[in-house]
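# Breakdown of the fold
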Amino acid sequence: MDIYRTNYRPIDCISPTQEKQISGELITRLQKILGDELNRMAMYLQATYSIPKNAYSVDYFGYSKDMQHQLICHAIHEMRHAETIGRILCKIGHNPRLKTSRLTPPKTYKEMLTMIFESEQDGIKNLSEALDATNDQEIKVTLLNQIREENAHLQMRTQIYDQIEKTGLIDTVLPSPEGAGPVSYDINILLDAFELEIQSIITLIYGSILLGMDMAIPPRLRALSIEDMQHLNKIAQDIITLGGRPVVSPESLNNVPRLSNAVQVIDHAIEIKQQKIRQYDQFSQMIKSKGAAKTLSDMMGKEEENISDLKGFANSLQTAEPIH
Ligand SMILES: [Fe+2]
Ligand SMILES: [Fe+2]
C-alpha cells in the first residue's frame with residue numbers, strides 16, 4: 001500500500017508496512033484501541049483528581065510513590081499509547097481518527113476503579129487480537145510492548161483499589177465537579193480552562209501522529225503536550241483547592257477537527273493557544289480567587305512562547321524538501 005496515495009504530505013515520512021494485504025480486522029481493532037486509549041487517559045485524569053494529593057502511596061518497584069502522581073503518569077502513558085497506535089494506522093495507510101465512545105460518569109470510587117479495570121482488560125484483549133491480525137514484525141513488537149504496559153497498569157490498579165478499600169473510601173460518592181456554594185462561580189470558569197488544555201493536548205498529539213517517523217518535530221510536539229498537561233494539572237489543583245473535581249468531558253476529547261496533514265494540525269494548535277491567551281486574560285479578571293487568577297495569568301506568557309515555537313515548526317515543514 002502506498003501511503004502517498006492518501007492525503008499525507010511526502011514529508012509525513014513513515015515507512016509503509018511491507019505486508020501485501022492489510023486485514024480489515026487490524027484496521028477496525030486499531031481504530032477502536034486508539035479511541036479507548038484516549039478514554040483511558042480521561043479515566044486516569046479523573047482518578048488523579050478524585051484522590052487527594054500526598055494522602056496515599058503505592059509501591060513502585062520498591063519505592064513509595066504518591067498515588068496521585070502515579071495516576072497522572074498512567075494518564076501520560078495512555079496518551080503515548082494513543083500516539084503509538086495512531087502512528088501504526090498511518091503506517092498501514094489509514095488516517096487515524098481521534099474519536100472516543102461516550103463514557104458514563106462513575107458515581108463512586110468503586111465504580112471509577114472498576115471502569116479502569118474493565119477498560120484495561122478490554123484494551124489487552126483488543127491489542128492481542130490486533131497482534132494476531134498482522135505479520136509485520138515492527139507492529140507486533142510495538143503491540144507486545146503496549147500489552148506489557150497495560151498489564152503493569154492492571155497490577156497497579158489492583159494495588160490502588162486495595163489501598164482505597166482499606167481506608168473505607170471505596171463505596172464513597174465522588175465529590176461533585178462544580179463544588180458547592182459561591183465558589184462554584186470560580187470553579188466553572190476553571191473547568192472551562194481545563195477543557196481548553198485538554199483540547200490543546202489532544203491536538204498536539206494528533207500533530208505528532210501525523211508526522212510519523214520524523215524525529216525532529218514530533219518529540220517537540222509531545223514535549224509541548226506534556227507542558228500543557230502541567231498547565232492542566234495546575235488548573236486542576238486550583239479547582240480541587242476550591243472544593244471541585246475536574247473531569248474530562250467526552251466532548252473535549254472529540255473536539256479536534258479531522259485535518260489532513262500535520263501543518264493544518266499545528267495551525268489548529270496555534271489557534272487553540274491564541275484562544276487560551278484571550279480567555280485566560282478574561283478569566284483572570286473575572287475570577288475571585290487570587291491564587292487561581294495568578295495561575296491563569298502566569299500561563300499566558302508561556303503560551304506566547306509555545307505559539308512562536310509552533311509557528312517555527314509549521315514554517316520548517318512548509319519549506320522542507322521531500323526526502324524521497
Ligand atoms: Fe494504554
Ligand atoms: Fe493502561
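Residues numbered from 1 in each chain as written. Chains lettered and ligands numbered in written order. Predicted model: local features only at pLDDT ≥ 70, side-chain atom pairs only at ≥ 80, totals over all residues. Heavy atoms only, no water.

### Re the nonpolar core
In globular proteins that are soluble, nonpolar side chains generally tend to be buried together. Definition in use: Nonpolar cores were defined as sets of buried Ala, Val, Leu, Ile, Met, Phe, Trp, Tyr and Cys residues, with membership established by side-chain atoms within 4.5 Å. Think of it in three bands: with a 1.4 Å probe and only protein chains considered, a residue is buried below 20% of the maximum accessible area for its type, exposed above 50%, and partly exposed in between. Here a strand is any run of E in DSSP of at least two residues, a helix any run of H or I of at least four, and the numbering for each starts at the N terminus. Domain start and stop positions are those given by an automatic or database domain assignment. Residue contacts follow a heavy-atom distance rule, with two residues in contact if any of their heavy atoms lie within 4.5 Å.
Counting residues in hydrophobic clusters, the biggest one holds 98 residues, and the most contacted among them are L30, L45 and I164. Looking at this core, the elements with two or more residues in it are α1 (24-48), α2 (67-91), α3 (109-132), α4 (137-166), α5 (184-210), α6 (218-241), α8 (262-286) and α9 (290-319). For this core, the element with the highest residue contribution is α5, accounting for 15 residues. Residue contributions to this core reach at least three from each of two domains, namely domain 1 (21-174) and domain 2 (177-319). Leave out the neighbours within four places in its chain, and L45 touches I72, A75, I198, M229, L232 and V248.

### Looking at the layout of surface pockets
Counted only if it meets this: Definitions used for this entry: grid spacing 1 Å over protein atoms alone; cavity, a set of points where a 1.4 Å probe fits but cannot get out; pocket, an open set with protein on both sides within 12 Å along at least 5 of 7 lines; lining residue, one with an atom within 4 Å of a point. Grid points are joined across faces, edges and corners, and a volume is the space filled by probe spheres set on the points. Following the grouping adopted for this structure description, the nonpolar residues are Ala, Val, Leu, Ile, Met, Phe, Trp, Tyr, Cys and Pro, the charged ones are Asp, Glu, Lys and Arg, and the polar ones are all others, Gly among them.
In this structure, the largest pocket spans a volume of roughly 420 Å³. What lines the largest pocket is a set of 23 residues, among which Q46, V247, V248, S249 and P250 lie closest to the centre. Within the residue set of the lining of the largest pocket, elements represented by two or more residues are α1, α5 and α7 (250-253). In terms of residue class, the lining of the largest pocket is built from 14 nonpolar, four polar and five charged. Two domains each put at least three residues into the lining of the largest pocket: domain 1 (21-174) and domain 2 (177-319).

### Observations concerning the pattern of salt bridges
Basically, it comes down to this: Put simply, a salt bridge is a Lys or Arg side-chain nitrogen that is within 4 Å of an Asp or Glu carboxyl oxygen.
Per the stated rule, a full pass over the model turns up 20 salt bridges. The partner of K32 in a salt bridge is D36, with the nearest N and O atoms 2.5 Å apart. With K32 and D36 both in helix α1 and four residues apart, this pair spans about one turn of that helix. For R87, the salt bridge is made with E83, and the minimal N-O distance between the two is 3.6 Å. Separated by four residues within a single helix, R87 and E83 lie in helix α2, roughly one turn from each other. A single burial state applies to R87 and to E83, both of which are buried. Each of the salt bridges in this network shares a partner with another, and the network as a whole consists of E37, R40, E78, E120 and E150.

### Regarding the coordination of the iron ion (ligand 2)
We apply this condition: In this listing, donors mean N, O and S atoms no farther than 2.8 Å from the metal, or 3.2 Å for Na, K and Ca; water is missing from the atoms, so a site can look incomplete.
Distances from the iron ion (ligand 2) to its protein donors, namely E78 (OE), E120 (OE), E120 (OE), E150 (OE) and H153 (ND1), fall within the range 2.0 to 2.4 Å. A distance of 3.6 Å spans the gap from the iron ion (ligand 2) to the iron ion (ligand 1), which E78 bridges by coordinating each metal. With a gap of three residues between them, E150 and H153 both fall in helix α4, about one helical turn apart. For the pair E150 and H153, one class covers both residues: buried.

### A short note on the coordination of the iron ion (ligand 1)
The line we're drawing: Irregular is the label for any site that misses the other tests, which are tetrahedral for four donors with all angles between 85 and 135 degrees, and square planar for four donors or octahedral for six when opposite donors exceed 155 degrees and the remaining angles lie between 65 and 115.
For the iron ion (ligand 1), the full set of protein donor atoms is E37 (OE), E78 (OE), H81 (ND1) and E150 (OE), at a range of 1.9 to 2.0 Å. For the iron ion (ligand 1), the four donor atoms are set out with angles of 85 to 141 degrees between them, so the coordination reads as irregular. A relative accessible area of 1% means that H81 is categorised as buried.

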